[in-house]
Amino acid sequence: MKMKGQAKPDEFIWVFFAGMLAIVIMLFFWGTPTVEENQTENITTQAKEAFTIGTFNEEVPRIIRIGDFSISHTAGSETLASKKYVDVSKGVFEDKKFSFSAEIGEDMSNVIDGWISLYVLESGEGKLVVKVNNNVVYSQKTNPGKIVIPVEKNYLKQYNVIEVSSGMPGAQFWTTSIYRIERIEFGVNIYGNLIKSHDFTLYASELKTFTKGEIKFNVEEREGIGNLIIKINGRNVFRGVPSGSFSQEFESFDVGLVNGVNTIEFSTEKDTKYKLDDVELIIRHIEKSSKSRTFSFVITESDLQRLQSGKKGKITFTILDSDFNGNLALKIKNPQGKENNLDYITSYSLGKTITVYFGPNDVDVGTNYITLSLIGEGSFTIANLDVVV
């Protein structure tokens, strides 16, 4: 028996399908809610710490390298070359000589004369002959033992050639005269005030902004108790006994620095010798330098799509301090190296957040760079920088 008011099953199905069709038609005409409405901003770079950009006065050193050298005010002897186990001989069918060279490193004006020492082990029948620069300084029959041969200064050169040979054996011409020498030494006697002088150029810009000068070196060796004397343009910079790593500062007016050529001189007191290594003269002056800051940030495919759909990227930061002398410039460089100027900030208040916007034409997928710099002279202190897409 059927109850009143009960719907037939086939009627219910038709009603259900009619309702679903209406929903599909509404979605087709009205569309679905976009995900963009629920998306959050993507912070790609943050720099909360304060940093400073602008133009600054910076102390710049110029290093003038003088090198290694010795100075002295003494009399003494210096061995320049030494040779061991030398044989020379002379006969009818044999003529064996020995020669070597030696260079005088001192100024020739400080050289008094020279000398040659020979330590003869075995002597020959002929004369022992010694030449310096082709000048005979010794020629006589020599017995075993040590001999010292003086060499006159006028025979000496900066570069010297010493030759040792034997003469013929005399009446016993059929024999060979042989000298066996254990050691040969060649040296010079020197006396004088050996100084080191070095010219250096000071430019007008350096002289105008000069802050201080400095002389630095290492004392490698010292003989005697006399003072080392350092002068610039004839004025004393230092007089004393340095040791180890040494440094001495000086002022411009103290040494009479001039625009152009100046001269530094090193010398010693009597009976004293110094060997100095790594001698440097440092001139410090002020130069203007500029400082900018660059930050990197990454743009993804989805970031670029949001920018292309109309959403703006933004750079926010706070100017904590400024001397109000220049304008702040911002630019972006994309991964391909293309640069785009974003903004020149000419009006601002300290402590307030500044926002600069960028779009899809300013960036690309990959690592991009934002640079903050100063136009003109001045400085900015900036903090709380964010790059948001």
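See above for the structure.
Cut-off values and rules
Residues numbered from 1 in each chain as written. Predicted model: local features only at pLDDT ≥ 70, side-chain atom pairs only at ≥ 80, totals over all residues. Heavy atoms only, no water. Pairing = 2+ DSSP bridges. Helix = DSSP H or I, 4+ residues; strand = E, 2+ residues; numbered from the N terminus. Axes fitted to C-alpha atoms, helices over the stretch in contact; angles between N-to-C directions. Contact = heavy atoms within 4.5 Å. Salt bridge = Lys/Arg side-chain N within 4 Å of Asp/Glu carboxyl O. Buried < 20%, exposed > 50% of the residue type's maximum accessible area, 1.4 Å probe, protein only. 1 Å grid on protein atoms, 1.4 Å probe; cavity = no way out; pocket = protein on both sides within 12 Å on 5 of 7 lines; lining within 4 Å. Points joined across faces, edges and corners; volume = space filled by probe spheres on them. Arc of directions from axis to C-beta.

Engineer: Explain the sheet that holds strand E18 (residues 293-299) here, please?
Structural biologist: The strands making up a sheet associate through backbone hydrogen bonding, with each pair oriented either parallel or antiparallel. Spatially, the 4 strands line up as an open sheet ordered E18-E23-E20-E21, and their pairing is antiparallel. On the outer flanks of this sheet lie E18 and strand E21 (339-345), each paired with one strand and no other. Between one strand axis and the next, the sheet turns by 25° as a mean value, whatever way the strands run.

Engineer: Sorry if this is basic, but what is going on with the sheet that holds strand E7 (residues 135-140) here?
Structural biologist: Judged by pairing direction, the sheet is antiparallel, and its 4 strands sit side by side in the order E4-E9-E6-E7 without closing on themselves. Every other strand in the sheet has two partners, leaving strand E4 (98-103) and E7 as the edge strands with one partner each. Neighbour-to-neighbour, the strand axes of the sheet open up by a mean angle of 15°, direction not taken into account. The sheet contact formed by strand E6 (residues 128-132) and strand E9 (residues 159-166) spans 5 bridges and is antiparallel.

Engineer: What am I meant to see in the environment of Thr176 here?
Structural biologist: On the secondary structure map, Thr176 appears in the loop between E9 and strand E10 (177-194). When near neighbours in sequence (up to four residues on either side) are disregarded, Thr176 contacts Ser89, Lys90, Gly91 and Glu94.

Engineer: Any chance you could explain the pattern of salt bridges here in plain terms?
Structural biologist: Working definition: two side chains of opposite charge can pair if their charged atoms are close together. Enumeration according to the criterion identifies 13 salt bridges in this entry. Lys48 is paired through a salt bridge with Asp386; the nearest N and O atoms lie 3.3 Å apart. In this pair, Lys48 sits in the loop between strand E1 (43-47) and strand E2 (51-90) while Asp386 sits in strand E24 (residues 379-388), placing the two residues 338 residues apart along the sequence. Judged by relative accessible area, which is 12%, Asp386 ranks as buried. Here Arg284 ties to Glu59 by a salt bridge, and the two come within 3.9 Å at their closest N and O atoms. Here the residue Arg284 occupies a position in strand E17 (residues 273-291), and Glu59 occupies one in strand E2, the gap between them amounting to 225 residues.

Engineer: How do you make sense of the side chain of Asn110 when you look at a structure like this?
Structural biologist: Inspection of the secondary structure assignment puts Asn110 in the loop between E4 and strand E5 (111-122). A residue is classified by how much of its surface remains accessible, and Asn110, at 10% relative accessible area, is buried. With near-sequence residues (within four places) excluded, Asn110 lies in contact with Asn189, Ile190, Tyr191, Gly192, Asn193 and Leu194.

Engineer: Where do I start with empty space enclosed by the protein in this structure?
Structural biologist: Gaps between atoms show up when a probe of the same size as a water molecule is rolled over them. Evaluation of the coordinates by the stated rule reveals 1 cavity of 30 Å³ or more. Taken as a whole, the largest cavity holds about 40 Å³ of empty space. As for the largest cavity, its lining consists of Ser72, Thr74, Glu106, Asn110, Ile190, Tyr191, Gly192 and Leu194. Those elements giving two or more residues to the lining of the largest cavity turn out to be E2 and E10.

Engineer: Is there a simple way to explain helix H4 (residues 301-308) in this structure?
Structural biologist: Helical geometry: 3.6 residues make up each α-helical turn, so side chains three or four residues apart lie on a common side. Within H4 the residues assigned to the buried category are Asp303, Leu304, Arg306 and Leu307. Axial view of H4: buried residues confined to an arc of 160°, hence all on one face. Structural note: H4 exposes Glu301, Gln305 and Gln308 on the side pointing more than 90 degrees away from its buried face. Check the buried side of H4 and you find it contacts E18, strand E19 (313-322) and strand E22 (353-358). Residue Gly310 follows H4 closely and has a positive phi angle near 120°.

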